[in-house]
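# Observations on the model geometry
Chain by chain, the residues:
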Amino acid sequence: MKLTYFGTAAAEGWPALYCHCDSCKSAWELGGKNIRTRSQALVNEDLLLDFPPDTFLHMLYGGLKLDPVTDVLITHAHEDHFYVEDLANRQPGYIPVRAPHVLNLHGNNRVREIYEECAKIPYNRDLPSVVAMHEIQEYQPVQIGRYTVYPMLADHNTAEKCYIYAIADDEGKMLLYAHDTGYLREDVWAFIKEQGFRFDLVSLDCNHGKEEASRNHMGMDCCSRVKERLIAEGFTKPETKFMVNHFSHNCRYLNHDEIVEAASKYGFDVSYDGKSVEV
Ligand SMILES: [Zn+2]
Ligand SMILES: [Zn+2]
Ligand SMILES: [Zn+2]
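The rules behind each value
Residues numbered from 1 in each chain as written. Chains lettered and ligands numbered in written order. Predicted model: local features only at pLDDT ≥ 70, side-chain atom pairs only at ≥ 80, totals over all residues. Helix = DSSP H or I, 4+ residues; strand = E, 2+ residues; numbered from the N terminus. Rg over C-alpha atoms; globule rule 2.2 N^0.38 Å. Buried ≥ 20, exposed ≤ 12 C-beta atoms within 10 Å, placed from the backbone. Contact = placed C-beta atoms within 7 Å. Pairing = 2+ DSSP bridges. Core = buried A, V, L, I, M, F, W, Y, C linked by C-beta atoms within 7 Å. Axes fitted to C-alpha atoms, helices over the stretch in contact; angles between N-to-C directions. Right-handed = clockwise from strand over helix to strand, strands pointing away.

Helix and strand counts for the chain stand at 8 helices and 14 strands. Radius of gyration (C-alpha) of the chain: 18 Å, near the 19 Å computed for a compact globule of 279 residues. Going through the 279 residues of the chain one by one, you find that 45% of them count as buried. In the chain, 70% of the contacts between residues at least 6 apart in sequence involve partners at least 24 apart.

We now examine the sheet that holds strand S7 (residues 142-144). Read from one edge to the other, the open sheet built from 7 strands follows the order S7-S8-S9-S10-S11-S12-S13, with strand pairing classed as mixed. The outermost strands of the open sheet, each flanked by one partner alone, are S7 and strand S13 (269-270). Sheet analysis places strand S11 (residues 199-205) next to strand S12 (residues 236-245), joined by 6 bridges and oriented parallel. Looking at S12, one finds that Leu201 is bridged to Lys241.

This part takes up the environment of Asp273. Note on placement: Asp273 falls in the loop between S13 and strand S14 (276-278). Judged by the 24 C-beta atoms lying within 10 Å of it, Asp273 falls in the buried class. Measuring from C-alpha to C-alpha, the distance between Asp273 and Ala41 comes to 9.3 Å, with 232 residues separating the pair along the chain. Excluding residues within four positions of it along the chain, Asp273 makes contact with Tyr5, Phe6, Gly7, Thr8, Ile35, Arg36, Thr37 and Gly62.

As a further point, take the nonpolar core. One recurring pattern in soluble globular proteins: nonpolar side chains tend to sit buried together. In terms of nonpolar packing, the biggest core is built from 74 residues, with Tyr165, Ile167, Leu175, Leu204, Cys223 and Val244 touching the most fellow members. Counting residues per element, this core draws most heavily on strand S9 (residues 163-168), which supplies 6 residues. Once you skip the residues sitting within four places of it in the chain, Leu175 turns out to touch Met1, Leu3, Val43, Ile167, Phe199 and Leu201.

Spatially, 7 strands are ordered S6-S5-S4-S3-S2-S1-S14 in an open sheet, and the strand pairing comes out mixed. Where the open sheet ends on each side, the last strands, each with one partner, are strand S6 (131-135) and S14. Going from strand to strand, the sheet's axes swing by 20 degrees on average, the running direction of each strand aside. Across 4 bridges, strand S1 (residues 2-7) lies against strand S2 (residues 40-43) in antiparallel orientation. Pairing of Gly7 across the sheet is with Gln40, part of S2. Across the sheet, helix H4 (residues 109-120) is in contact with strand S5 (103-107) and S6; its angle to S6 comes to roughly 150 degrees.

Moving on to the pairing of S11. Among the 7 residues that make up S11, 6 are buried, leaving the element largely enclosed by the rest of the structure. One ladder, built from 4 bridges, connects strand S10 (residues 174-178) with S11; its direction is parallel. The residue of S11 that forms the bridge with Leu176 is Val202. Following the chain from S10 across helix H6 (residues 186-195) to the adjacent parallel S11, one finds a crossover that is right-handed. Regarding topology, helix H7 (residues 220-232) serves as the crossover connection from S11 to the parallel S12, and that connection is right-handed.

Here we come to unusual backbone geometry. Across the chain, the bulk of peptide bonds are trans and the bulk of non-glycine residues have phi less than zero. Of note, the amide linkage connecting Trp14 to Pro15 takes the cis form, showing an omega dihedral of 5 degrees. Here Pro15 is to be found in the loop between S1 and helix H1 (22-30). For the peptide bond that leads from His179 to Asp180, omega is -20 degrees, which places it in the cis range. A positive phi angle, near 50 degrees, is found at Asn44, a position not held by glycine. Tracing the sequence through the fold places Asn44 in the loop between S2 and strand S3 (47-49). Overall, Asn44 belongs to the partly exposed group, with 16 C-beta atoms counted inside 10 Å.

Now the structure itself:
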């Protein structure tokens, strides 16, 4: 299983729109891995995680190939994770050569509502013929192509049921993708135990970086507590890879290298836009 990160920032991006903080200044100066766009990742070539407004940017400059993508799994409806208007561009009126297949969109009830609101607009009436919406429920596994996907509840925006995902492929590899969330909820821990999951790859939300935070998002310390508990409860393997991802410019680290230095003490590898990790 290969996970490729295309966007690794929080909603503002890093450097952030309008911002002149030291972390943003540093990103402008250093460039490269210090430039982070809005959250998106790809499992192998076909399962896309989230659909932010930067999807277009990822296609243009990040090497994201959209044609092989058959399914898009949305974590929650925050605009840095779900920008439905760009899915409407898949309609025949916008692209004269019809897309090769119907794109399957999977998400919570809020994602479905936003999709339906978009499809109600007269010029978006063909949306359902090119993008099919599938509402998924917490703790009810769904088969998506060659993946079994287990939606679990995040500790995030209480106005909707935000999901983190356990994703198993048909070769026995399993990913825990936990963005955006605070410290994992006790019902998540119980579900992982009941299902007997053993993750090969764990990607944790490190939005707050150096700051102590365990609700809505996590900081590095909190990510470390999740990692240690996953290991202690037997939910990992000796070769499991642990990643931290989804960084805000407000995380109080100045640049990528600082994050790498801090993360290495906890046994984490650090995402950047374009980073691939294989298990
Ligand atoms: Zn986010
Ligand atoms: Zn800033
Ligand atoms: Zn969010």
